[in-house]
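Below, each chain spelled out in residue letters.
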Amino acid sequence: MAILDILHYPDSRLHTVAKPVAQVDDRIRQLVKDMAQTMYDAPGIGLAATQVNVHERVIVIDLSEEQNKLLVLINPEIVWQSEAAQTYEEGCLSVPGVFETVKRAAEIRVRALDEQGQTQEIEADGLLAVCIQHEMDHLNGKVFVEKLSMLKQSRIKNKLQKQKREAATTA
Ligand code: GNR
Ligand code: NI
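Keep in mind that this is a model prediction, so the values were computed, not measured.

**Overview of the coordination of the nickel ion (ligand 2)**
- Distances from the nickel ion (ligand 2) to its protein donors, C92 (SG), H134 (NE2) and H138 (NE2), fall at 2.1 to 2.3 Å.
- Donor residues for the nickel ion (ligand 2), ordered by position in the chain, follow C-x41-H-x3-H. Here H134 lies in helix α2 (residues 126-139) and C92 lies in the loop between β4 (85-90) and β5 (100-105), a separation of 42 residues in the sequence. For the pair shown, C92 and H134 are each scored as buried.

**Structural notes on the environment of M39**
- By the secondary structure assignment, M39 is in helix α1 (residues 26-41).
- Here the alpha-carbon distance between M39 and T169, two residues 130 residues apart in the chain, equals 27 Å.
- Non-local contacts of M39, meaning those with residues more than four positions away in its chain, are made with G44, I45, G46, L47, V60, I61, D62 and L70.

**A word on the site of ligand 1**
- In the vicinity of ligand 1 lie 14 residues, with I45, Q51, L93, E135 and H138 positioned nearest.
- Backbone polar atom of I45 to an oxygen atom of ligand 1: 3.0 Å apart, as the coordinates give it.
- One nitrogen or oxygen atom from the side chain of E135 is found 2.6 Å from an oxygen atom belonging to ligand 1.
- A total of 380 Å² of accessible area belongs to ligand 1 in isolation, and the protein chains cover 90% of it.
- Going through the elements one at a time, β4 and α2 are the ones with two or more residues in the shell around ligand 1.
- Sort the elements by how many residues they give to the shell around ligand 1 and α2 lands first, with 4 residues.

Conventions adopted
Residues numbered from 1 in each chain as written. Chains lettered and ligands numbered in written order. Predicted model: local features only at pLDDT ≥ 70, side-chain atom pairs only at ≥ 80, totals over all residues. Heavy atoms only, no water. Donors = N, O, S within 2.8 Å, 3.2 Å for Na, K, Ca; no water. Helix = DSSP H or I, 4+ residues; strand = E, 2+ residues; numbered from the N terminus. Buried < 20%, exposed > 50% of the residue type's maximum accessible area, 1.4 Å probe, protein only. Contact = heavy atoms within 4.5 Å. Near = heavy atom within 4 Å. Polar contact = N/O pair within 3.5 Å; in protein donor to acceptor, adjacent residues only side chain to side chain. Areas by Shrake-Rupley, 256 points an atom, 1.4 Å probe, with all protein chains shown as cover.

Structure representation (structure tokens):
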């Protein structure tokens, strides 16, 4: 097991579109384990492979307090989404310290493979629906801040660059 490095916005590698997983094999199962450990360590409630610079369509999610309900989504597809939207104050491990309200579909149905390569279909609302959509955006090279106004995006970039400078001078 390994804790992987998480890419931070603005990093052009976060804009890579991930490729479908051709075969769910031991290599993918090892990636899933390492991603889960990285997410639990952070801690976060979800992680997309894109964030650890692996550009394959793999997502891990765990909304439980006990960190014992891991959901693995490989090659996820949204097969249905509600017209009704919900807003949620989102954060992202690739955009540390930034929380902004984002609007997304309130309910979704997702088809994906699990870590055994079996097809599963999941219906989600609330935070799970938010998280799945947030992670699928990562696989498509999108970070949640890109849903905000250009003014907010440039303020967030400045804030993160400043944080980086301060971390460099105090190290
Ligand atoms: O840990 C996370 N929390 C979170 C909170 C609100 C909406 C989305 C998220 S996902 C985020 C982890 C992450 O960055 N996943 O890509
Ligand atoms: Ni994120």
